[in-house]
Amino acid sequence: MFPRTSGPRRPALSRVAGTAAAAACLVIAASACSSAVSIENADVPAWRATALPTASGTVLEDAGKILNREPLVKDAADVPAGVYTLTMTCDGGGKAFFTVTAGGTKLAEAGAACNGSRERAKITVPAAGRVQVSTASVDAPLIYAYHLAAGS
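Below: a short report on this structure.

### Comments concerning unusual backbone geometry
Backbone torsion omega between Ala 140 and Pro 141 reads 5 degrees, so that peptide bond is classified as cis. Within the secondary structure layout, Pro 141 lies in the loop between β5 (129–136) and β6 (142–150).

Shown next as structure tokens:
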């Protein structure tokens, strides 16, 4: 009479829908990992203006592109002793690392996730003099900005 099957049959439409759903998940997962900013073409001053506006009492600041793993160092000569806040941000994926030194002594290391959020670290400069901030990342390319400003 009717042929007998060993189990329930899945309609072809169900298989197609399952395949389409799996493909959509892969596309969404891949796009979540992609950079929102094209680093090579980024207009750093325009990005910085919105990502990290200027702060009063700034003694040292920088913004730029990290295109390889080489640290970028900037310094200020006559920074008074006191308490400062290092505010940093980056974009492009991964993480940027900031090392603050004064007179050859490491004062602090801080990091920022490169997702556009702002991170802050409290820095105490024990004596007046030269202060350096070194910026680096193993997740290049990315764009970064920071400022070291007086205040707690």
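### Looking at the nonpolar core
The biggest cluster of nonpolar side chains holds 25 residues, and the ones touching the most others in it are Leu 86, Met 88, Phe 98, Ile 123 and Tyr 146. Put simply, the parts of the chain that give this core at least two residues each are β1 (58–66), β2 (72–79), β3 (82–102), β4 (105–125), β5 and β6. Ignoring any residue separated from it by four or fewer positions in sequence, one finds Leu 86 in contact with Phe 98, Val 100, Glu 119, Arg 120, Ala 121, Ile 123, Tyr 146, His 147 and Leu 148. Counting residues in each nonpolar core, the second largest holds eight residues, with Ile 39, Val 44, Ala 51 and Ala 145 among its members.

### Observations regarding the state of the cysteines
A complete count under the given rule lists one disulfide for this structure. Put simply, Cys 90 and Cys 114 are joined by a disulfide, and their sulfur atoms are 2.1 Å apart. Where Cys 90 bonds to Cys 114 through sulfur, the torsion about that S-S bond is close to -95 degrees, and the disulfide is left-handed. Here Cys 90, found in strand β3, pairs with Cys 114, found in strand β4; they are 24 residues apart in sequence, far enough to count as distant. Each member of the pair, Cys 90 as well as Cys 114, carries the same accessibility label: buried.

### Things to note about the pairing of β6
The side chains of a regular strand alternate between the sheet's two faces. Taken across its nine residues, β6 has eight buried, putting it largely inside the fold. For β1 and β6, the ladder comprises eight bridges, and the chain directions are antiparallel. By the bridge assignment for β6, Thr 58 is matched with Ala 149. Summarising the sheet, β3 and β6 pair through eight bridges and their orientation is antiparallel. Following the sheet pairing, Thr 87 is matched in β6 by His 147.

### Quick word on helix α2 (residues 44–51)
Burial in α2 covers these residues: Val 44, Trp 47, Arg 48 and Ala 51. Along the long axis of α2, the arc covered by the buried residues comes to 100 degrees, so they all point the same way. In α2, the exposed residues that point more than 90 degrees away from the buried face are Pro 45, Ala 49 and Thr 50. As for α2, its buried residues are in contact with β1, β3, β4 and β6.

Reading the values: rules and limits
- Residues numbered from 1 in each chain as written.
- Predicted model: local features only at pLDDT ≥ 70, side-chain atom pairs only at ≥ 80, totals over all residues.
- Heavy atoms only, no water.
- Helix = DSSP H or I, 4+ residues; strand = E, 2+ residues; numbered from the N terminus.
- Core = buried A, V, L, I, M, F, W, Y, C linked by side-chain atoms within 4.5 Å.
- Buried < 20%, exposed > 50% of the residue type's maximum accessible area, 1.4 Å probe, protein only.
- Contact = heavy atoms within 4.5 Å.
- Disulfide = S-S within 2.5 Å.
- Pairing = 2+ DSSP bridges.
- Arc of directions from axis to C-beta.

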